[in-house]
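The lines below spell out each chain.
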There are 2 protein chains.
Amino acid sequence: MELWYTEYQTKNLGLTCRIKETLFQGQSEFQEVAVVDSLEFGRMLVLDGVFQTSVFDEYIYHEMIVHVPLCTHANPKKILVIGGGDGGAVRETVKHAGVESVEMVEIDGLVVDVSKKFLPEISAALLTNHPKVQLKIGDGIKHMAEAEGQYDVIIVDCSDPIGPGEGLFTPEFYRNVHKALKADGLFVQQTESPFYHQDLIRHLYRDIAALFPLTRLYLANIPLYPGGLHCFTMGSKKYDPLQINVANLPELNTRYYNGAVHKACFELPNFIRNLIR
Amino acid sequence: MELWYTEYQTKNLGLTCRIKETLFQGQSEFQEVAVVDSLEFGRMLVLDGVFQTSVFDEYIYHEMIVHVPLCTHANPKKILVIGGGDGGAVRETVKHAGVESVEMVEIDGLVVDVSKKFLPEISAALLTNHPKVQLKIGDGIKHMAEAEGQYDVIIVDCSDPIGPGEGLFTPEFYRNVHKALKADGLFVQQTESPFYHQDLIRHLYRDIAALFPLTRLYLANIPLYPGGLHCFTMGSKKYDPLQINVANLPELNTRYYNGAVHKACFELPNFIRNLIR
């Protein structure tokens with residue numbers, strides 16, 4: 001008997017994966033949390049039926065949401081990760097020797113527990129209680145409203161803008177992100193698919209550009225996500241990701257990210273340029 | 001009643017699309033040819049059950065397989081397209097005012113007929129009998145073996161390396177491509193997914209690099225294809241695609257391709273760099 005699970009990426013499109021077994025399935029206060037083992041992607045975290053990350057391709061998302069902003073900032077020391085319950089973003093963040101502290105605020109403790117148990121290669125920095133990492137289970141929106149001028153880089157590693165992630169795509173949230181950053185701070189948010197979430201991207205880009213002198217969208221190829229193409233949006237008070245000196249990049253031991261990719265990922269096809277014009 | 005069609009991209013992974021209706025289904029001497037109308041991708045050409053192109057995203061593939069080589073060559077006049085039965089590659093080729101002739105050799109006349117009938121926006125240059133285009137229904141492998149020193153650019157717009165496309169991925173075919181090109185000629189071939197066809201890419205890259213002084217792989221984001229990431233391999237006798245002067249590019253009226261994308265698409269993530277090392 002073959003088991004297949006289909007994620008409906010839109011009303012009319014699905015990605016269907018052959019599944020070896022369901023390793024965990026449970027309901028938290030916020031969402032249904034599951035881990036399945038698939039033949040193509042290996043173990044995957046699934047929230048409310050939506051594929052979040054897999055051991056096959058997680059490195060792409062996590063390297064690109066972390067190293068692009070951290071290599072853009074001249075001296076990132078205090079980092080905040082909102083969401084990121086699987087631990088992949090903090091694992092990449094602590095590769096930067098100059099980072100002094102990584103606060104992580106995840107709303108759903110069950111996601112962290114399940115990731116530590118079933119996705120140890122992703123949650124490595126949480127599992128080992130990395131000394132630079134402080135994990136707080138709580139509301140990232142509230143945390144951001146209370147923070148002021150204290151972070152060099154904020155990484156918004158959220159799920160889709162439905163369910164618990166919804167309030168992380170509002171002008172009010174972006175105002176609080178701006179306030180929580182230092183005078184030369186910058187932030188990055190995962191901002192969905194340029195093929196399938198064009199209205200969302202158009203709006204959030206405009207909202208971020210209204211607050212930050214530098215707003216830039218960049219791309220990464222992630223087979224697990226709709227269309228295989230994902231975008232991230234950066235708002236920066238001072239540093240321009242296109243002006244980095246590639247020769248000065250730290251050794252990061254990455255499988256996707258490198259200096260050339262850092263620059264190339266900001267070069268947008270015409271249809272995406274038009275989207276954020 | 002909802003109709004869904006699932007393309008199995010690997011043994012363990014499928015893309016499933018909601019279908020409005022099947023517009024055509026028939027058997028040629030070479031393969032099963034179908035056109036379906038889908039809700040997400042619009043009308044799609046399907047060969048032996050494999051999605052070939054859709055009106056939603058065909059521009060990406062066709063712009064990238066044509067404009068990257070044609071903008072790399074200083075003065076491309078004589079163009080050969082192998083395959084490309086849907087007509088998208090010749091449609092893009094004739095956008096270049098300097099091109100004098102485009103020969104197209106497609107093995108399967110039914111693909112051309114069906115594309116002209118059901119995919120008029122893709123087959124436009126065939127439908128209008130564009131004066132620069134000569135269409136020949138025949139064997140591209142044989143045509144290549146007989147050609148010598150006559151083309152500036154050859155575009156191998158083939159299907160997967162199973163079925164009729166198989167002989168287009170061999171060292172012998174590449175030797176004939178080399179022979180068919182002028183002394184400063186170059187060619188490009190679609191070379192599948194860097195996530196799912198790594199062995200194929202490793203081998204063909206090595207075979208092409210053994211013949212051409214410049215061999216380069218480049219990327220495009222195509223939601224219809226496995227993993228959403230597709231690669232193309234260029235073998236060039238003289239011109240380097242990285243050395244083009246972006247300021248001199250012609251006006252092409254494209255939705256994906258532009259000068260910045262031309263340069264960025266050659267910047268490879270580490271896992272692809274390692275593949276072709």
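Structure first, text after, so check above.
Conventions adopted
- Residues numbered from 1 in each chain as written.
- Chains lettered and ligands numbered in written order.
- Predicted model: local features only at pLDDT ≥ 70, side-chain atom pairs only at ≥ 80, totals over all residues.
- Heavy atoms only, no water.
- Buried < 20%, exposed > 50% of the residue type's maximum accessible area, 1.4 Å probe, protein only.
- Helix = DSSP H or I, 4+ residues; strand = E, 2+ residues; numbered from the N terminus.
- Contact = heavy atoms within 4.5 Å.
- Polar contact = N/O pair within 3.5 Å; in protein donor to acceptor, adjacent residues only side chain to side chain.
- Least-squares fit on C-alpha atoms with pLDDT ≥ 70 in both.
- Pairing = 2+ DSSP bridges.
- Axes fitted to C-alpha atoms, helices over the stretch in contact; angles between N-to-C directions.

> Any details on helix α3 (residues 109-118) of chain A? Residues and values, ideally.
Residue and element names in this part refer to chain A. Taken together, the buried positions of α3 are Val111, Val112, Val114, Ser115 and Phe118. Where the residues of α3 are buried, they touch β2 (13-27), β3 (32-38), β4 (42-47), β7 (101-106), α4 (124-127) and β8 (133-137). You can read the cap of α3 off the contacts: a side-chain oxygen lies 3.1 Å from the backbone nitrogen of Leu110, and it is on Asp108.

> So what about the relation of the copies chain A and chain B? Which residues, and what values?
Aligned on chain B, chain A shows an RMSD of 0.0 Å; the corresponding rotation is 180 degrees and the shift along the axis is 0.0 Å. Viewed as a symmetry operation, the transformation between the two copies matches a two-fold axis. Of all interface residues in chain A, 100% are interface residues in chain B too; the two copies therefore contact each other through one and the same surface.

> Which residues make up the pairing of strand β5 (residues 50-54) of chain A, and what values go with them?
Sheet faces and side chains relate simply in a regular strand, where the side chains alternate between the two faces. All names here are of chain A. Among the five residues of β5, four are classified as buried, and the element is accordingly described as predominantly covered. Looking at chain direction, β4 and β5 are connected through four bridges and run antiparallel. Paired with Leu47 across the strands is Val50, a residue of β5. Hairpin connection of β4 to β5: two residues between the antiparallel strands, including Asp48 at a positive phi of 45 degrees.

> Help me get a handle on the sheet that holds β7(A), residues and values and all.
Residues and elements named next belong to chain A. The strand order across the open sheet built from seven strands is β8-β7-β6-β9-β10-β12-β11, with neighbouring strands paired in mixed fashion. Edge strands, defined here as strands with exactly one partner in the open sheet, are β8 and β11 (214-221). On average, adjacent strands in this sheet sit at an angle of 15 degrees to one another, irrespective of strand direction. Bridge count between strand β10 (residues 181-190) and strand β12 (residues 229-236): five bridges; the pairing is antiparallel. From the neighbouring strand, Leu186 faces β12, where its bridge partner is Ser236.

> Lay out unusual backbone geometry in plain terms, naming residues and giving numbers.
Glycine aside, the phi torsion of most residues is negative, and most peptide linkages are trans. We note that Asp48(A) has phi near 45 degrees; this positive angle belongs to a residue other than glycine. Along the chain, Asp48(A) falls in the loop between β4 and β5. Taking relative accessible area as the criterion, Asp48(A) reaches 46% and is therefore assigned partly exposed. Backbone geometry at Glu192(B) places phi at a positive 70 degrees, although glycine is not the residue there. Considering the arrangement of structural elements, one finds Glu192(B) in the loop between β10 (181-190) and α7 (198-209).

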